[in-house]
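Close look at the chain arrangement
Each chain, letter by letter, is given below.
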Amino acid sequence: MLRALKLLPALALVAGLLAAGSARAVDPENMLYLDLEDGRVVIAMRPEIAPNHVARIKELTRQGFYDGVPFHRVIEGFMAQTGDPTGTGMGGSGQKLDAEFSDTPHLRGTVSMARAADPNSADSQFFIVFEPAPSLDGQYTVWGEVIAGMEFVEQIKKGDPARNGMVENPDRIVKMQVAADAEE
């Protein structure tokens, strides 16, 4: 019952977006439900700006790849990063993607791919931006935006392995689903 109550704000917002005719919100094939311990985050994917990244995220999501994966790097006022099943920041799915950079800015709630120095090294790791980060614009592939549940992203336990070692008992993705396949 408590879990259902936590989902109500996200579902109400999505219903409102659907009623308003939002193009991204009405397509459940291009919407993700990212369930955290504290509640559901709804992400509208952006296939019009990053079709290959969106396709890969959906493929990995449908395989259950992201279920249980930790948020291994979470920097206050910057971003929360996940997508590495090892939790070290060095792992991934093993399939690199060519960059799909765009002029879409990194604003609060932007979802973008993490990568190494090589622009074509994005794999499965992604991050959600807490605040505008113009220094990332044109350097990382934006593939989505949080449309509900950003308050749950902000509650993810903070920690940065590069600065203070591994995050002890990091928060994890409980389950991630393409909305078209969702088990409510």
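Since the model is a prediction, treat every value here as computed from it, not as a measurement.

**Focus: the overall build of the protein chain**
Of regular secondary structure, the protein chain possesses 4 helices and 8 strands. Written out in order from the N terminus, the α and β elements of the protein chain read α-β-β-α-β-β-β-β-β-α-α-β. A sequence separation of at least 24 residues applies to 69% of the contacts in the protein chain between residues at least 6 apart. Of the accessible surface of the protein chain, which amounts to about 8,500 Å², a share of 53% is contributed by carbon and sulfur atoms.

**As for the nonpolar core**
Within the largest apolar cluster, 31 residues are counted, with the highest numbers of intra-cluster contacts made by L34, F126 and W143. Sequence-distant contacts of L34, defined by excluding residues within four places in its chain, comprise G39, R40, V41, I43, F71, F126, I173, K175 and M176.

**Some thoughts on the packing of aromatic side chains**
According to the stated counting rule, one finds 4 aromatic pairs in the structure shown. Between F65 and Y66, the ring centres sit 5.2 Å apart and the planes meet at 85 degrees, which makes this aromatic pair edge-to-face. Relative to Y140, the ring of F127 has its centre 5.8 Å away and its plane inclined at 80 degrees; by these criteria the two rings are edge-to-face. Taken together, the residues span a long stretch of sequence, with F127 in strand 6 (residues 126-129) and Y140 in the loop between strand 6 and strand 7 (142-148) at a distance of 13 residues. Owing to a relative accessible area of 5%, F127 belongs among the buried residues under this scheme. Relative accessible area serves as the criterion here: at 22%, Y140 is assigned to the partly exposed category.

**A short note on the sheet that holds strand 6**
Spatially, 8 strands are ordered 3-4-6-5-7-2-1-8 in an open sheet, and the strand pairing comes out antiparallel. The strands lining the two open edges of the sheet, one partner per strand, are strand 3 (71-75) and strand 8 (175-178). Taking each pair of neighbouring strands and ignoring which way they run, the sheet shows an average axis angle of 25 degrees. Of the pairings in the sheet, the one linking strand 5 (residues 110-113) to strand 6 comprises 3 bridges and is antiparallel in character. Note on strand 6: the bridge partner recorded for V111 is I128. On top of the sheet, helix 2 (residues 51-62) reaches strand 1 (31-36), strand 2 (39-45), strand 5, strand 7 and strand 8; it is set at about 125 degrees to strand 8, its chief contact.

**Concerning the side chain of Q81**
Checked against the element boundaries, Q81 lands in strand 4 (residues 79-82). Among the residues examined, Q81 registers a relative accessible area of 8% and is labelled buried. For Q81, the side chain forms a polar contact with the side chain of Q125, separated by 2.7 Å. Leave out the neighbours within four places in its chain, and Q81 touches P70, F71, H72, R73, V74, A114, Q125, F126 and F127.

**Some details on the confidence of the model for the protein chain**
Here the protein chain averages 88 in pLDDT, and 82% of its residues register 70 or above. In this model, residues 1-14 is a region of pLDDT below 50 whose contacts with residues beyond four sequence positions or in other chains number 17 contacts. Note that pLDDT drops below 50 for residues 16-25; the model gives that stretch 13 contacts with residues more than four away or on any other chain.

**Observations concerning the pattern of salt bridges**
A full pass over the atoms with the stated rule returns 9 salt bridges. Across the pair R46 and E48 runs a salt bridge whose closest N-O atoms are separated by 2.5 Å. Residue R46 is classed as buried on the basis of its relative accessible area, which comes to 14%. Its relative accessible area of 48% is what places E48 among the partly exposed residues. Because the salt bridges share partners, they merge into one network encompassing E29, K58, R62 and D181.

**Considerations on the pairing of strand 1**
Burial analysis of strand 1 places 6 of its 6 residues in the buried class, which makes it a mostly covered element. The alternating pattern of strand 1 places M31, Y33 and D35 and L32, L34 and L36 on opposite faces, both of which are buried. As defined by bridge partners, strand 1 adjoins strand 2 across 6 bridges and the pair is classed as antiparallel. Across the sheet, D35 pairs through a bridge with R40, a residue of strand 2. Linking two consecutive strands that pair antiparallel, namely strand 1 and strand 2, is a turn of 2 residues. In this structure, strand 1 lies alongside strand 8, joined through 4 bridges in antiparallel fashion. Across the sheet, the residue bridging to D35 is K175, located in strand 8.

Thresholds applied
- Residues numbered from 1 in each chain as written.
- Predicted model: local features only at pLDDT ≥ 70, side-chain atom pairs only at ≥ 80, totals over all residues.
- Heavy atoms only, no water.
- Helix = DSSP H or I, 4+ residues; strand = E, 2+ residues; numbered from the N terminus.
- Contact = heavy atoms within 4.5 Å.
- Areas by Shrake-Rupley, 256 points an atom, 1.4 Å probe, with all protein chains shown as cover.
- Core = buried A, V, L, I, M, F, W, Y, C linked by side-chain atoms within 4.5 Å.
- Buried < 20%, exposed > 50% of the residue type's maximum accessible area, 1.4 Å probe, protein only.
- Phe/Tyr/Trp six-rings, centres within 6.5 Å; stacked < 30°, edge-to-face > 60°.
- Pairing = 2+ DSSP bridges.
- Axes fitted to C-alpha atoms, helices over the stretch in contact; angles between N-to-C directions.
- Polar contact = N/O pair within 3.5 Å; in protein donor to acceptor, adjacent residues only side chain to side chain.
- pLDDT = per-residue confidence, 0-100.
- Salt bridge = Lys/Arg side-chain N within 4 Å of Asp/Glu carboxyl O.

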